[in-house]
Amino acid sequence: MLRTPENLTLIKRMLIKCADVSNPCRPREQCIEWAARISEEYFSQTDEEKRQHFPVVMPVFDRNTCSIPKSQISFIDYFITGMFDAWDGFVDRSELLQHLDSNFKYWKDLDERKLRSLRPPTEAR
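These lines cover the structure that appears in this document, whether it is placed above or below. (Residues numbered from 1 in each chain as written. Predicted model: local features only at pLDDT ≥ 70, side-chain atom pairs only at ≥ 80, totals over all residues. Heavy atoms only, no water.)

1. A word on the packing of aromatic side chains
Here's step 1: Scanning all chains against the criterion turns up five aromatic pairs.
Here's step 2: Between the aromatic rings of Phe75 and Phe79, the centroid separation amounts to 5.9 Å while the plane-to-plane angle is 45 degrees, which identifies the pairing as tilted. Separated by four residues within a single helix, Phe75 and Phe79 lie in helix H3 (residues 68–91), roughly one turn from each other.
Here's step 3: Given a relative accessible area of 23%, Phe75 falls into the partly exposed group.
Here's step 4: On the basis of an interplanar angle of 70 degrees and a centroid distance of 5.1 Å, the ring pair of Tyr106 and Trp107 is categorised as edge-to-face.
Here's step 5: By relative accessible area, which is 9% here, Tyr106 ends up buried.
Here's step 6: Relative accessible area serves as the criterion here: at 0%, Trp107 is assigned to the buried category.
Here's step 7: Clustering of aromatic rings is evident, with ring pairs tying together Tyr42, Phe43 and Phe61.
Here's step 8: Its guanidinium or amino end placed over the ring of Trp34, Arg37 lies 4.7 Å from that ring's centre, counting from NZ or CZ. (Phe/Tyr/Trp six-rings, centres within 6.5 Å; stacked < 30°, edge-to-face > 60°. Helix = DSSP H or I, 4+ residues; strand = E, 2+ residues; numbered from the N terminus. Buried < 20%, exposed > 50% of the residue type's maximum accessible area, 1.4 Å probe, protein only. Lys NZ or Arg CZ within 6 Å of the ring centre and 35° of its normal.)

Right, here's the structure in full:
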């Protein structure tokens, strides 16, 4: 059943999508690095939209008000957890879900401490 051309195409598409959005499932330092990169990309986009007087597509990514922990929590809640739970049933890569759980707790801790940055003040680089 899984080896039909349609199912193989679906599996390949799912693999590509999971790879594309996998940063919450990576070890902590990689997760933080990629959260920083994507946040900066979105901040720059919002800055440029404001500069050009265009409608702001992602207003939550205003660099002056954005909470990166909240953005990561939302991303994980709405997109990543269900996708990787399903993918884990296919590939049995439990370390991905372990990193996901650990990183979710990390972002949640920062958010509960009312921090908006990538790291707690003692870890700031």
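After that view, the rundown keeps rolling.
2. Description of the state of the cysteines
Here's step 1: All told, the structure shown has zero disulfides when counted by the stated rule.
Here's step 2: Not engaged in a disulfide, the cysteine Cys31 finds its nearest cysteine sulfur in Cys25; these two sulfurs lie 8.5 Å apart.
Here's step 3: Taking the relative accessible area as the measure of exposure, Cys31 reaches 0% and is therefore buried.
Here's step 4: Distance from the sulfur of Cys66, which forms no disulfide, to the nearest cysteine sulfur (Cys31) is 15 Å.
Here's step 5: Judged by its relative accessible area of 7%, Cys66 is buried. (Disulfide = S-S within 2.5 Å.)

By themselves these figures say nothing about function.
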